[in-house]
Structure formats: structure tokens, C-alpha cells
Amino acid sequence: MDAQLRVIALVGSLRRESYTQRVVLALKDLAPETMAIEVASIGSLSLYNEDDDTDAPPPPWQAFRNQVRRADGVLFATPEYNRSIPGALKNAIDVGSRPAGASVWSQKPAAVLSASPGALGGFGANHHIRQCLTFLDMPVLQQPEAYLSRVAGLIDADGRITSSATADFLRGFVSAFEQWIRRLRHDTAIAKAPNPQASILAPNRFAHL
Ligand code: FNR
């Protein structure tokens, strides 16, 4: 069996009864057995301030950065605040991105899911996250896109997805994310493997000149 993948989920809502948080907890059950999803506590991260990013940064920043480093993939799950990324989530992204040159995000496979009780499914937040992830050099799952609109009617207070179509969609989404992570790991392994032909080909690289 494939080794279990560790996915860290960053949830953009700190609200106790958050729909987004409930969706992520439901995803833990819908995910294949070969993927474990762990939710990060981004609410404990103080606001990013470069003055505090010394040789001894705040312990919650260090713990969070290490948690991301250990993960095989990152799931960004968020509501939309004022058509953009909630501050708590943007702060976590910023904390992980520094100090300069030591970002924990670089080359980590990512997926983005947004949710809203409204009709647009958090489209603005979803794409503002994608804008950050481009700069942070994270390979992001492109399809399926995940915008959960009218989320209040899709999940009950016990965290059960009430629509089978939505459960199927979410199952497909996590499965696609698993395949995405495995594909990138496979490609990276191939890229790193010694190429037995390299030494033969190398002297001829400029033969056409
Ligand atoms: C919102 N909400 C919201 N919804 C939306 O679809 N687009 C938006 O731009 C906003 N803007 C916004 C700003 C702020 C400051 C708050 C607090 C809320 C409503 C939001 O989708 C709703 O409160 C969700 O229930 C929040 O997600 P959780 O906490 O249920 O996961």
C-alpha cells in the first residue's frame, strides 16, 4: 500500500461554529485512507512582524513552520472576507513565508477550497490565495476547483455532509489532491535520480555548435 500522506489544513475561519472548519473535518473522513489531514492552529499565531523574526522567533511561529515543513501537502480552506482572504489565514501565509529565503511553502503541493453561505462560494478569497501561492512557488491543484456555495445547507451541526452530490464532489476533490501530491513526489524523485546516460551525453551537449 502507498505510504500515508500528511496534509496540513489551514482553515481561514477561527469561529467555533465555522462551516469551513466543519467541511474540513468532514474531508478527513472522506479522504482516502492513504491521506491523513491535520488542522493547523493558525489562531495562535501572533501578527507577523519582522522585528520579532530573530534567531529566536515566537515559539508558535516555529511550531507552525515545522508543522508545514513535515507535511506532504497543504490544503487552504477558507471563507471569504470582503471578497478576499481572512486576515488570520493571510497572517499564517506570511508567517510561513519568512525569513526571506527560508519559506516553508516553496514547492509544497497545495489545494484551495473556499466556502460561503452566499452564492459565490468564496471565489474572491480562493483566487486571492492562488495569487499568493504563485509567488510562494507552490504547485497548486487546478482541477477540480472547489467553491462551496450555500454551504450552510450542505453540512449539519454534527459535521455530516447532507447532500450526496457534495460528498461525491469532496471525495473527488481530496482524491485528486492525493494524486497531485503523489505525481509531484514521483516527478521529483525522477528528477533527483542519477541519470546513467548523463555522463555519456554530457560531452556531446554542444556537438551541434
Ligand atoms: C463575511 N462574509 C462574506 N461572505 C461572502 O461570501 N463574501 C464576502 O466577501 C464576505 N465578507 C465577510 C466579511 C467578514 C468580516 C465576515 C465576518 C463575514 C460572510 C461569511 O461568508 C460567513 O460569515 C461565513 O459563515 C464565514 O465562514 P465560517 O466562519 O462559517 O467558516
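Report follows, based on the coordinates. (Residues numbered from 1 in each chain as written. Predicted model: local features only at pLDDT ≥ 70, side-chain atom pairs only at ≥ 80, totals over all residues.)

1. Observations concerning the packing of helix 1 (residues 19-30) against helix 5 (residues 164-192)
Working step 1: Taken N-terminus to C-terminus, the directions of helix 1 and helix 5 make an angle of 70°; their axes are 10 Å apart at the nearest point. As judged from the angle between their axes, helix 1 and helix 5 are roughly perpendicular. Contacts from Ala-26, Leu-27 and Leu-30 in helix 1 reach Ala-167, Leu-170, Arg-171 and Val-174 in helix 5.
Working step 2: Residue composition of the contact of helix 1 with helix 5, by class: six nonpolar, no polar and one charged. (Axes fitted to C-alpha atoms, helices over the stretch in contact; angles between N-to-C directions. Helix = DSSP H or I, 4+ residues; strand = E, 2+ residues; numbered from the N terminus. Parallel < 35°, antiparallel > 145°, perpendicular 65-115°, else oblique. Contact = placed C-beta atoms within 7 Å. Nonpolar A, V, L, I, M, F, W, Y, C, P; charged D, E, K, R; others polar.)

2. Describing the nonpolar core
Working step 1: One finds Ala-9, Leu-10, Val-23 and Leu-75 to be the most contacted residues of the largest nonpolar core, which totals 49 residues.
Working step 2: Looking at which element gives the most residues to this core, the answer is strand 1 (residues 5-11), with six residues.
Working step 3: Contact partners of Leu-10, with chain neighbours within four places excluded, come to Ala-40, Ile-42, Val-74, Phe-76, Leu-89 and Ala-92. (Core = buried A, V, L, I, M, F, W, Y, C linked by C-beta atoms within 7 Å. Buried ≥ 20, exposed ≤ 12 C-beta atoms within 10 Å, placed from the backbone.)

3. Remarks on the site of the ligand
Working step 1: Close to the ligand lie 15 residues; Ser-13, Ser-18, Thr-20, Pro-79 and Ser-116 are nearest.
Working step 2: Looking at the shell around the ligand residue by residue, the class counts come to five nonpolar, seven polar and three charged. (Near = placed C-beta within 6 Å.)

4. Digging into the pairing of strand 4 (residues 110-115)
Working step 1: Burial analysis of strand 4 places six of its six residues in the buried class, the great majority of the element.
Working step 2: On strand 4, burial covers both faces: Ala-110, Val-112 and Ser-114 on one face and Ala-111, Leu-113 and Ala-115 on the other are all buried.
Working step 3: The pairing of strand 3 (residues 73-78) with strand 4 spans five bridges and is parallel. Along strand 4, the bridge assignment pairs Val-74 with Ala-110.
Working step 4: Handedness of the crossover joining strand 3 and strand 4 through helix 3 (residues 87-97) is recorded here as right-handed. (Pairing = 2+ DSSP bridges. Right-handed = clockwise from strand over helix to strand, strands pointing away.)

5. Focus on the pairing of strand 3
Working step 1: Most of strand 3 sits inside the fold, with six of its six residues counted as buried.
Working step 2: Neither face of strand 3 is left uncovered, since the one carrying Gly-73, Leu-75 and Ala-77 and the one carrying Val-74, Phe-76 and Thr-78 both have all their residues buried.
Working step 3: As defined by bridge partners, strand 1 adjoins strand 3 across five bridges and the pair is classed as parallel. Residue pairing in the sheet places Val-7 in a bridge with Gly-73 of strand 3.

6. Some words on the environment of Ser-103
Working step 1: Mapped onto the fold, Ser-103 is located in the loop between helix 3 and strand 4.
Working step 2: Once the C-alpha coordinates of Ser-103 and Ala-26 are considered, the two residues, 77 residues apart in sequence, prove to be 29 Å apart.
Working step 3: Here Ser-103 is in contact with Gly-96, Ser-97 and Leu-136, once residues within four sequence places are set aside.

7. Digging into the sheet that holds strand 5 (residues 146-148)
Working step 1: Strand order in the open sheet formed by five strands is 2-1-3-4-5, and the pairing between neighbours is parallel. Of all strands in the sheet, those bounded by a partner on one side alone are strand 2 (35-39) and strand 5. Here the average twist between neighbouring strands, direction ignored, is 20°.
Working step 2: With five bridges connecting them, strand 1 and strand 2 associate as parallel partners.

8. Here's the deal with the packing of helix 2 (residues 59-70) against helix 3
Working step 1: Taken N-terminus to C-terminus, the directions of helix 2 and helix 3 make an angle of 80°; their axes are 9 Å apart at the nearest point. Accordingly, the angle class assigned to the pair helix 2 and helix 3 is roughly perpendicular. On the side of helix 2, the interface is formed by Trp-61, Phe-64, Arg-65 and Val-68, while helix 3 contributes Ala-92, Val-95 and Gly-96.

9. Here we look at unusual backbone geometry
Excluding glycine, residues mostly carry a negative phi; peptide bonds, for their part, are mostly trans.
Working step 1: In this model, Arg-98 is joined to Pro-99 through a cis peptide bond whose omega is 0°.
Working step 2: Gln-143 connects to Pro-144 through a cis peptide bond whose omega is 0°.
Working step 3: Mapped onto the elements, Pro-144 comes out in the loop between helix 4 (123-135) and strand 5.
Working step 4: Positioned with a positive phi, Asn-82 is a non-glycine residue whose angle comes to about 50°.
Working step 5: Relative to the helices and strands, Asn-82 is located in the loop between strand 3 and helix 3.
Working step 6: Positive phi values are uncommon outside glycine, yet Asp-137 reaches one of about 60°.
Working step 7: Here Asp-137 is to be found in the loop between helix 4 and strand 5.
Working step 8: A residue is classified by how many C-beta atoms lie within 10 Å of it, and Asp-137, with 11 of them, is exposed.

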